Each structure stands twice: as C-alpha cells, then as structure tokens.
Amino acid sequence: NAGVTQTPKFRILKIGQSMTLQCTQDMNHNYMYWYRQDPGMGLKLIYYSVGAGITDKGEVPNGYNVSRSTTEDFPLRLELAAPSQTSVYFCASSYSVTDTQYFGPGTRLTVL
Amino acid sequence: GEDVEQSLFLSVREGDSSVINCTYTDSSSTYLYWYKQEPGAGLQLLTYIFSNMDMKQDQRLTVLLNKKDKHLSLRIADTQTGDSAIYFCADPLNTNAGKSTFGDGTTLTVKP
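A brief report on the enclosed structure follows. The shown structure was predicted, so the numbers you read here are calculated from the model rather than taken from an experiment. (Residues numbered from 1 in each chain as written. Chains lettered and ligands numbered in written order. Predicted model: local features only at pLDDT ≥ 70, side-chain atom pairs only at ≥ 80, totals over all residues. Heavy atoms only, no water.)

**Here we look at the pattern of salt bridges**
1) Next: Applying the stated criterion across every chain yields a total of six salt bridges over all chains.
2) Next: Here Lys44(A) makes a salt bridge to Glu59(A), at a shortest N to O gap of 4.0 Å. Of this pair, Lys44(A) sits in strand E5 (residues 43-51) while Glu59(A) sits in the loop between strand E6 (54-57) and strand E7 (64-66), placing them 15 residues apart in sequence.
3) Next: Residue class for Lys44(A) comes out partly exposed when judged on its relative accessible area of 25%.
4) Next: Judged by relative accessible area, which is 30%, Glu59(A) ranks as partly exposed.
5) Next: In this structure, Lys68(B) engages Asp69(B) in a salt bridge whose closest nitrogen and oxygen atoms are separated by 3.7 Å.
6) Next: We classify Lys68(B) as exposed; its relative accessible area is 75%.
7) Next: In this structure Asp69(B) comes out as partly exposed when scored by relative accessible area, which is 47%. (Salt bridge = Lys/Arg side-chain N within 4 Å of Asp/Glu carboxyl O. Helix = DSSP H or I, 4+ residues; strand = E, 2+ residues; numbered from the N terminus. Buried < 20%, exposed > 50% of the residue type's maximum accessible area, 1.4 Å probe, protein only.)

Now the structure itself:
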C-alpha cells in the first residue's frame, strides 16, 4: 500500500491564483481530512469527509473548497490565494472517527 | 490549540528519560493520541490510550492518563538522538464541534 499520497510537494502561488491540492489514499478508509499547519503551531482542520459524496467544514474552512467523488480521492481547492494561506497542508485518512489517522507527507504552499 | 496544551520545548541527554506533558479540556475524548513529526515530514502515530485506561506501555513508550486532572503524559525511556522531533498530543475528530484538536507540539531535543 502507498498509504496517503499528496501532490504537489511544493508550490508557490501569486495572490489571487487558484490551485488544487491532490490527496489519494489506497487503504479504503471512509474518513479523510485536510489540515493546515502554520509554523510552530499544531494542526487546524480545514475540511473533512466521512465518505464519498459527504463533506463537512472544520475549524478553518474559509477560502477553501473540497469534493469527495470517490473513496480514494479528496482534493482541496484554493480559489483566490491569499498570503494568509501560506502554510503546510496535510491530508490524512482513517477507517473510522476513533481510529488513528494516517498522514500524507504534506504540501508546502507559499503565496506571494 | 487552545483545547489541548503542551509545553513547547524539552531538552534531554541521550540515555535519559523524557517526559512530555499535555492537558486537555474536552472530557468526552474516547482515545487520546501521541504523534511524532520529524523535520519536513508528516505526522506518524506513536501510540494512543483509551480513555478508560490509566497507563499504557509500548516498548520504550509509557503513556499515563489522569482523567481527573485531564492530564496526559508520554514518557520515552532511554531517549536516543533519533527521538529528536516534535511530539503532538491529539484528540481525534469531534464531529459535533467540527474539529480535530492537536496541541501545538513539544520540540524534543536529545543531546549526545
């Protein structure tokens, strides 16, 4: 199993540009999550999904959108990039809400 | 995160024991997790404890849970330089609150 994979690993965006961060898991997990980690801080939940076709907002959803058309994929969309969205983004998945979350390697995004 | 608090830094000598502390506010947690993050990498699960347990031992790791004081600790015996990393205590997804709570992390530095 590859686990949780994320692309790209690094990206620099200009203010106002859009992009999609890709996340795929091959463990047949129901739950998938997107977090952002700002320097020296813990993780903040952006969006999560409990299964294909179902998504919900986390703590910091503003400026982001998600979709979950398949069990495997959970892309995160930034529509109008802002400097405040400079962060490291982690995707994770778990079998259930109380099971451990498996994390991807992260995407380092800089908005200039 | 404000619901889970950790001390930010800990420095120990190789071979000593390390104790990383965490306090939490949400008493409905079923599991509490410890994750390890090495530089430039995602989070990996170290261990977890079920809320009805006081202690869990896993090789060099010992987790202690004091539910009355809402205090969680991670003890690493015979700390090695490879244990240098950031350690996060975490409360898994609380769907009622729309959040998954992570502490801000404790940076453990192991000196030879």
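After that view of the structure, there is still more to cover.
**Notes on the interface of chain B and chain A**
1) Next: Taken residue by residue, the interface counts 22 residues in chain B and 23 residues in chain A.
2) Next: Taken together, the links from chain B to chain A amount to zero salt bridges.
3) Next: For the pair chain B and chain A, the interface holds three residue pairs in polar contact (both at pLDDT 80 or more).
4) Next: Counting residues per element, the ones that place at least two in the side of chain B that touches chain A are strand E4 (31-37), strand E5 (43-50), strand E9 (85-94) and strand E10 (99-102) of chain B.
5) Next: The element that contributes the greatest number of residues to the side of chain B that touches chain A is E4(B), accounting for four residues. (Contact = heavy atoms within 4.5 Å. Polar contact = N/O pair within 3.5 Å; in protein donor to acceptor, adjacent residues only side chain to side chain.)

**Some details on the pairing of strand E11 (residues 106-111) of chain B**
All names here are of chain B.
1) Next: Side chains Thr106, Leu108 and Val110 project from E11 onto a buried face, and the interleaved Thr107, Thr109 and Lys111 project onto a face without burial.
2) Next: With five bridges connecting them, strand E2 (residues 9-13) and E11 associate as parallel partners. Counterpart to valine 12 in the pairing with E11 is valine 110. (Pairing = 2+ DSSP bridges.)

**Brief notes about the pairing of strand E3 (residues 19-25) of chain A**
All names here are of chain A.
1) Next: Where burial is concerned, the two faces of E3 differ: the one with Met19, Leu21, Cys23 and Gln25 is buried and the one with Thr20, Gln22 and Thr24 is not.
2) Next: Pairing analysis gives four bridges linking strand E1 (residues 4-7) to E3, with the strands arranged antiparallel. Pairing of glutamine 6 across the sheet is with cysteine 23, part of E3.
3) Next: Sheet topology places E3 next to strand E8 (residues 76-78); three bridges connect them, and they run antiparallel.

**Considering the environment of Phe74(A)**
Residues and elements named next belong to chain A.
1) Next: For phenylalanine 74, the position within the fold is in the loop between E7 and E8.
2) Next: Note: C-alpha distance between phenylalanine 74 and glutamine 22 (52 residues apart in sequence) is 6.8 Å.
3) Next: Sequence-distant contacts of phenylalanine 74, defined by excluding residues within four places in its chain, comprise Cys23, Met32, Tyr33, Trp34, Tyr47, Tyr48, Ser49, Thr55, Val66, Ser67 and Arg68.

**Quick look at the sheet that holds E1(A)**
All names here are of chain A.
1) Next: An order of E1-E3-E8-E7 is seen for the four strands of this open sheet, with the pairing classed as antiparallel. Edge strands, defined here as strands with exactly one partner in the open sheet, are E1 and E7. On average, adjacent strands in this sheet sit at an angle of 20° to one another, irrespective of strand direction.
2) Next: Direction of pairing for E7 relative to E8: antiparallel, over a ladder of three bridges. Note that in E8 the partner of valine 66 across the bridge is leucine 76. (Axes fitted to C-alpha atoms, helices over the stretch in contact; angles between N-to-C directions.)

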